[in-house]
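# Inside the fold
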Amino acid sequence: MASLRVLRAGPGTTVQDAGRCGWLRFGVTRSGPMDWIAHALANILAGNVPGAAAIEVGIGGIELEAEGGAVWLGCAGAPFAVARNATALPSAGRVRLGPGDRLTVKAAAQGCWFYVSPAGGIEAEPVLGSLATTLRTGIGPPPVAAGDTLSIGPGTERTELVCAAEPAAATPITLRVVPGPQDDYFSEATLASFFGETYRVSTQSDRMGYRLEGSPLRHAKGFNIVSDAIALGAIQVPGDGLPIILMADHQPTGGYPKLGFVIRADIGRLAQCRPGAELRFAPVSVLLARTELFAALERLRSTLDRAASADADLSSERLLSMNLISGVCAPLDRSA
């Protein structure tokens, strides 16, 4: 059976599926991908379900080698430099590695996270029903490291495919925010200041949360609340007045007021921001947030249709390139 041998992996390289759902009430972080859209796209390109396990690669990059057979990989995320056997490839698409072929992913000038999804999925033992890795708690598979061998589930022959990469976002990046639930802990003037200010992503940012640098926000009713549930994208404001946006490894509950939530459709754009990136915020309605989420899902569906159409190619060139008779036996061979 084919597998992937890890020749090199930067710090923070992990396996992530859609996340560990249903355990927040027990104090277990969901985790999952930082850029959920890129993660789903890599899986779709590989022919997997969107929430399947994939390798999340940070700016340290990764180098993989196929062993035991051919491996098909879906790749998507930041515009990193991708190469097969030192030959440059598009940063988003589907690529085939024959036995001994190597895939190299190196960080470029922009972005933080890149996803490599093997067709057939990564075979490992789930923890609480998920293969997502939470580095702070050690729940899930260990971080991906040089010398590891990743077992791959059975896949099928496919065609190589190029996917249009997302254009670089203009800076400062504007993120849309649904206000609440504790926006009443801030005066109208303070909220106007937040939505008019340009912030920067701090170096003190990680998978748990992105800290922001800029003008501190003043609390109108104090900065302590009875701890309540935290959701992805929550913007909580601690006592120093500098907002923190909670990301994939966010804690289950928090005791600081939350002035709003970055909408789900913008989480991936935020996740790809490196320290020093400039951000601005714009208030939007729940209805617009839902509309933008559905639009993002529709774009993923369009890619799914395109990938399925490519796999349905019955041209003579593709048929001649495939092994169409493997497993054929004599009709009277009862041992088959």
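Residues numbered from 1 in each chain as written. Predicted model: local features only at pLDDT ≥ 70, side-chain atom pairs only at ≥ 80, totals over all residues. Heavy atoms only, no water.

## What to know about the sheet that holds strand 6 (residues 81-84)
Taken together, the seven strands give an open sheet; going across it, the order is 7-6-9-4-1-12-11, and neighbouring strands pair in antiparallel fashion. Unpaired on one side and paired on the other, strand 7 (87-89) and strand 11 (122-123) mark the two borders of the sheet. Bridge analysis of strand 1 (residues 3-9) against strand 4 (residues 62-67) gives six bridges, and the strand direction is antiparallel. For Ala9, the partnering residue across the bridge sits in strand 4 and is Ile62. (Pairing = 2+ DSSP bridges. Helix = DSSP H or I, 4+ residues; strand = E, 2+ residues; numbered from the N terminus.)

## Considering the packing of aromatic side chains
For the structure shown, the criterion picks out six aromatic pairs. Judged by centre distance (6.2 Å) and plane angle (65°), the rings of Tyr199 and Phe281 are edge-to-face. Of the two residues, Tyr199 sits in strand 15 (residues 199-201) while Phe281 sits in strand 22 (residues 278-283), which places them 82 residues apart along the sequence. We classify Tyr199 as buried; its relative accessible area is 0%. Phe281 sits in the buried class, given a relative accessible area of 4%. Pairwise contacts between aromatic rings join Phe194, Phe195, Tyr199 and Phe281 into one cluster. Its guanidinium or amino end placed over the ring of Tyr185, Lys221 lies 4.7 Å from that ring's centre, counting from NZ or CZ. Directly above the ring of Trp36 sits Arg264, whose terminal nitrogen or CZ lies 4.7 Å from the centroid. (Phe/Tyr/Trp six-rings, centres within 6.5 Å; stacked < 30°, edge-to-face > 60°. Buried < 20%, exposed > 50% of the residue type's maximum accessible area, 1.4 Å probe, protein only. Lys NZ or Arg CZ within 6 Å of the ring centre and 35° of its normal.)

## Focus on the nonpolar core
The biggest cluster of nonpolar side chains holds 47 residues, and the ones touching the most others in it are Val262, Leu279 and Phe281. With seven residues, the top contributor of residues to this core is helix 1 (residues 36-46). Residues within four places of Leu279 in sequence aside, it is in contact with Pro172, Ile173, Leu175, Glu197, Thr198, Tyr199, Val201, Leu212, Leu270 and Cys273. Of all hydrophobic cores here, the second largest spans 27 residues; its members include Ala66, Cys75, Val95 and Leu150. (Core = buried A, V, L, I, M, F, W, Y, C linked by side-chain atoms within 4.5 Å. Contact = heavy atoms within 4.5 Å.)

## Things to note about the state of the cysteines
With the rule as written, the count across this model stands at zero disulfides. Considering cysteine sulfurs only, Cys75 is the nearest to Cys163, which forms no disulfide, with 11 Å between them. Looking at Cys273, it has no disulfide partner, and the nearest cysteine sulfur is the one in Cys112, 7.3 Å off. (Disulfide = S-S within 2.5 Å.)

## Points about the environment of Arg94
Examined against the element boundaries, Arg94 turns out to sit in strand 8 (residues 93-97). As a C-alpha pair, Arg94 and Ile244 span 150 residues in sequence and 36 Å in three-dimensional space. In this structure, Arg94 is in contact with Leu45, Trp72, Leu73, Arg158, Thr159, Glu160, Leu161, Ala307 and Asp311, ignoring residues within four places of it in sequence. Within polar-contact distance, the side chain of Arg94 engages the backbone oxygen of Leu45 at 2.5 Å. (Polar contact = N/O pair within 3.5 Å; in protein donor to acceptor, adjacent residues only side chain to side chain.)

## Thoughts on helix 2 (residues 188-196)
Along helix 2, the residues that are buried comprise Thr190, Leu191, Phe194 and Phe195. For helix 2, the angular spread of buried residues about the axis comes to 135°, placing them on one side. Exposed and facing more than 90 degrees away from the buried side of helix 2 are Glu188, Ala189 and Ala192. As for helix 2, its buried residues are in contact with strand 14 (173-179), strand 15, strand 18 (234-236), strand 21 (258-262) and strand 22. (Arc of directions from axis to C-beta.)

## Focus on unusual backbone geometry
With an omega of 5°, the peptide bond running from Gly180 to Pro181 counts as cis. Mapped onto the elements of the fold, Pro181 is located in the loop between strand 14 and helix 2. In this model, Ser31 sits at a positive phi of 60°, which is unusual for a non-glycine residue. Following the sequence through the fold, Ser31 ends up in the loop between strand 2 (14-16) and helix 1. On the accessibility criterion, Ser31 (5% relative accessible area) is buried. The phi angle at Asn85 is positive, at roughly 50°, despite the residue not being glycine.

On their own, these measurements won't tell you what the molecule is for.
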